[in-house]
Amino acid sequence: MRVGIGYDVHRLVEEEELVLGGVRIDFSLGLKGHSDADVLIHAVMDALLGAAGAGDIGKHFPDTDPKYQGISSLKLLEEVQLFLEAEDYVVNNIDATIMAQKPKLSAFIEQMEENIAQILGIAGGKVNIKATTTEGLGFVGKKKGIAAQAIVSIK
C-alpha cells in the first residue's frame, strides 16, 4: 500500500465560476486558475500522483500548456486514473478537506464524492470529503481563497 498527500489553493475572484469536486456552485465568487481551478480535484490528483511516486499535477498538466486552459479538472482526474491503471494501481480510499469560509458546502459534498468515485471506478464509500471554515482567520477566513487537502491510499 502506498499513501500520498495533496494540497491546493486558488484565489477567489468575481469573474470566475466556483467549481468544487466537479460541482458548479452558485456563488458570487469563483476560483481563478489555468483550468477550472477546482482545488478539491487538484488536491486529490496531487495525492494520487504522489502516492504513485509520479510527481505532481504541474508536471503532468503544466499551466503553460494552452490545451489545459479552462479544462474541467474532472477530465484531468480521468487522465490520472488512466495513468494509475497503466501502472497497475488501484485507489483504496480518499479523505479530503475543503477549507472555505463561504459558501456553505454541506449540500454539495455527496455529489462531489460521487463524481470522484465514479471517475476513479471505486465505491462511493471510499471517498470522504469534509468542509470547514477557518473561523475568519487567514486568506480563507477573509474570503480571498479556498484551499483543499487530500490524503489517499493506493495499492
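Scroll up to find the structure this text is about.
So what exactly am I meant to see when it comes to the overall build of the chain here?
Counting its secondary structure elements, the chain contains 5 helices and 7 strands. In sequence order, the chain lays out its α and β elements as β-β-β-β-α-α-α-β-α-β-α-β. Its C-alpha radius of gyration of 15 Å places the chain within 12% of the 15 Å reference for a compact globule of 155 residues. With respect to the principal axes defined by its C-alpha atoms, the chain has extents near 40 × 35 × 25 Å.

Can you help me understand the pairing of strand β5 (residues 91-99) in this one?
One face of the sheet, then the other: side chains in a regular strand alternate in exactly this way. Burial within β5 is extensive, with 7 of its 9 residues counted as buried. Bridge count between β5 and strand β7 (residues 145-154): 8 bridges; the pairing is antiparallel. The residue bridging Asp 95 from the neighbouring strand is Ile 151, located in β7. By the bridge criterion, 6 bridges tie β5 to strand β6 (residues 127-132) in an arrangement that is parallel. Residue pairing for β6: Ile 98 is matched across the bridge by Ala 131. For the segment spanning β5, helix α4 (residues 109-120) and β6, crossover handedness is right-handed.

What is the right way to read the sheet that holds β5 from this model?
Working definition: the strands of a sheet are paired by backbone hydrogen bonds and lie parallel or antiparallel to each other. Sheet architecture is open: 5 strands sit in the order β4-β1-β7-β5-β6, paired in mixed fashion. The sheet is open, and its two edges are formed by β4 (30-31) and β6, each paired on a single side. Pairing geometry for strand β1 (residues 2-13) and β7, over 10 bridges, is antiparallel. Its bridge partner being in β7, Val 9 is matched across the sheet by Ala 147. Along the sheet face, helix α1 (residues 39-51) touches β1, β4, β5, β6 and β7 and points at about 155 degrees away from the line of β1.

The rules behind the values
- Residues numbered from 1 in each chain as written.
- Predicted model: local features only at pLDDT ≥ 70, side-chain atom pairs only at ≥ 80, totals over all residues.
- Heavy atoms only, no water.
- Helix = DSSP H or I, 4+ residues; strand = E, 2+ residues; numbered from the N terminus.
- Rg over C-alpha atoms; globule rule 2.2 N^0.38 Å.
- Buried < 20%, exposed > 50% of the residue type's maximum accessible area, 1.4 Å probe, protein only.
- Pairing = 2+ DSSP bridges.
- Right-handed = clockwise from strand over helix to strand, strands pointing away.
- Contact = heavy atoms within 4.5 Å.
- Axes fitted to C-alpha atoms, helices over the stretch in contact; angles between N-to-C directions.

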